[in-house]
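# A closer look at the structure
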Amino acid sequence: MDSPKKDDVVTMVDVLNDEKELDEATSAVLSGSDEKICTFSSGYIKRQALYSCLTCCPEAKDDPSKAIGICLACSLDCHDHHQLVELYTKRSFRCDCGLKYNSVACRLDASKKASLEASASSSATQINDLNKYNQNFSGTYCTCHRPYPDEEDTIEDEMIQCVVCEDWYHTRHLNTKVPDSSTYSEMICESCVAKNDFLLDYIGLAVEVVDLSQSSADTTLNITQSNDSILEESSPKRIKLSDEACTRPNNPLNDNTAKTLFFKDSWRTSLCQCEKCMKVYDEKKVQYLIDQEDTVLFYEEKGKNKPKTSSYDASLAALSSLDRVNQVDAITSYNRMKDKLFEFLQTFVVNNQIVTEEDVKRFFRTMKEGTDNQNVHQPHFCR
């Protein structure tokens, strides 16, 4: 643990700015979903924040098909204090809360009771039968089938989500060099490319990568210039759903070898939508690839643009509303708290101890009580 520096200047506005960044990151993932209304009655939501509850369905740890996926509102209201797996976002999913296995009754949507009764009276009726569950629902990811975060993994690595299977992969397990994140928009893993080989014809829309299976740099394809020419010649500016001639590229770079692909921005707009290609998408159940509103980027931008009053704006407004004397008092109290927090953390540094959540709660509890209890400066040992 690095020793904190007391001379470092941290203002109240600095704290509020940090909180603003956290608000924006949270809004990107969660504000596209409603935290108070269960999404069940809206059917299969195009994209939403989801959670898997292992408390209600412990069998999911061994068999993801027995998992339940719940919406943001149900995770907060119906499954509070349960063991939840955060799934980020998933497409075309309907909330399972109160409908499967040993899940608690949903407190937010009374219509689920009627759905359960209808399902019980008809063997042909299955609730949420279109939901799809992968290993993420059991808390494991990637081809290594490990949890995230993984306490046993000593290698620092990022994880990237495949836009087809929606599983997350360590960059080192993608069997290819990963380009800079600023150069591509979406990734499709090698397994999904193998199942949807028509994507290889669109390799001209992908960012150049180096095949790690090749032993010599001399054998690496340099496709940067070819990408541009193929994109210019074979990708129309606007593609309409019609019976017009197929615009799927006849790509000379396609050697029919499945590989992880990293696609550039707006690559989906170049997917052919002729009758023949649309049938391919239907057969492979990847119709969503031609839907621009399916992307995570669209969902995140929608969340960021959702009208709201951030805690940053509210805090600045509250500070500005105070008169000069009360503003000075507030800043003085903040600086006093900062000094005491420094002393508190310094003790952990000296004793080479980890600061736990309970330690932090104990610090603020003591601050609230207005005492200088000596125990607040004594870190407890983690076992």
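Read on for a plain summary of the structure. (Residues numbered from 1 in each chain as written. Predicted model: local features only at pLDDT ≥ 70, side-chain atom pairs only at ≥ 80, totals over all residues. Heavy atoms only, no water.)

## Overview of the pattern of salt bridges
A complete count under the given rule lists 17 salt bridges for this structure. Its salt-bridge partner being Arg 172, residue Asp 157 comes within 2.9 Å of it at the nearest N-O pair. Of this pair, Asp 157 sits in the loop between α3 (111-121) and β4 (159-161) while Arg 172 sits in the loop between β5 (168-170) and β6 (186-188), and the two are 15 residues apart along the sequence. Residue classification places Arg 172 among the partly exposed residues on the basis of a relative accessible area of 35%. Between Arg 362 and Asp 359 there is a salt bridge, with the nearest N and O atoms lying 2.6 Å from each other. Placement of both Arg 362 and Asp 359 in helix α10 (residues 357-369) is noted, with a separation of three residues, approximately one turn of the helix. (Salt bridge = Lys/Arg side-chain N within 4 Å of Asp/Glu carboxyl O. Helix = DSSP H or I, 4+ residues; strand = E, 2+ residues; numbered from the N terminus. Buried < 20%, exposed > 50% of the residue type's maximum accessible area, 1.4 Å probe, protein only.)

## Section: unusual backbone geometry
The peptide bond linking Tyr 148 to Pro 149 adopts the cis configuration, its omega dihedral lying at -5°. Looking at the element boundaries, Pro 149 is found in the loop between α3 and β4. You will see that His 81, though not glycine, has its phi angle at about 70°, which is positive. Along the chain, the position of His 81 falls in the loop between α2 (72-77) and β3 (84-93). One non-glycine residue, Glu 166, adopts positive backbone phi at about 65°. Mapped onto the elements, Glu 166 comes out in the loop between β4 and β5.

## Thoughts on the environment of Glu 300
Tracing the backbone through its elements, the reader meets Glu 300 in helix α7 (residues 296-304). For Glu 300, a relative accessible area of 18% translates into the label buried. Sequence spacing of Glu 300 and Leu 30 is 270 residues, and the spatial spacing of their C-alpha atoms is 8.3 Å.

## Section: the sheet that holds strand β2 (residues 69-71)
Within the open sheet, the three strands sit side by side as β2-β1-β3. Their pairing is antiparallel. At either end of the open sheet lies a strand with only one pairing partner, and these are β2 and β3. The mean inter-strand angle of the sheet, taken between neighbouring strand axes irrespective of direction, is 45°. In the sheet, strand β1 (residues 45-53) pairs with β2 via three bridges, with the strands oriented antiparallel. Across the sheet, Tyr 51 pairs through a bridge with Ile 70, a residue of β2. (Pairing = 2+ DSSP bridges. Axes fitted to C-alpha atoms, helices over the stretch in contact; angles between N-to-C directions.)

## Notes on the pairing of β1
Here β1 lies mainly inside the structure; eight of its nine residues are buried. One ladder, built from seven bridges, connects β1 with β3; its direction is antiparallel. Its bridge partner being in β3, Arg 47 is matched across the sheet by Arg 91.

## Looking at the environment of Ile 37
Structurally, Ile 37 is set in the loop between α1 (12-30) and β1. Spatially, the C-alpha atoms of Ile 37 and Ala 73 are 5.7 Å apart, while their sequence positions differ by 36 residues.

## Notes on the packing of aromatic side chains
Per the stated rule, a full pass over the model turns up nine aromatic pairs. Seen in terms of ring centroids, Tyr 184 and Phe 262 are 5.0 Å apart; in terms of plane orientation they differ by 70°. Their pairing is edge-to-face. Here Tyr 184 is found in the loop between β5 and β6, whereas its partner Phe 262 is found in strand β7 (residues 261-263), with 78 residues between them in sequence. According to the relative accessible area criterion, Phe 262 is buried, its value standing at 0%. Chaining the aromatic ring pairs together yields one cluster made of Phe 93, Tyr 133 and Phe 137. Taking the ring centre of Phe 40 as reference, the NZ or CZ of Arg 94 above it sits at 3.9 Å. Geometry around Tyr 44 places Arg 94 over its ring, the cationic atom sitting 6.0 Å from the centre. (Phe/Tyr/Trp six-rings, centres within 6.5 Å; stacked < 30°, edge-to-face > 60°. Lys NZ or Arg CZ within 6 Å of the ring centre and 35° of its normal.)

## Regarding helix α6 (residues 275-284)
Every buried residue belonging to α6 is among Cys 277, Met 278 and Tyr 281, and all of these are buried. Buried residues of α6, seen end-on, are gathered within an arc of 105° and therefore sit on one face of the element. Counted as exposed and oriented over 90 degrees from the buried face of α6: Lys 276 and Glu 283. With its phi angle positive at about 60°, Lys 285 sits one or two positions after the end of α6. (Arc of directions from axis to C-beta.)

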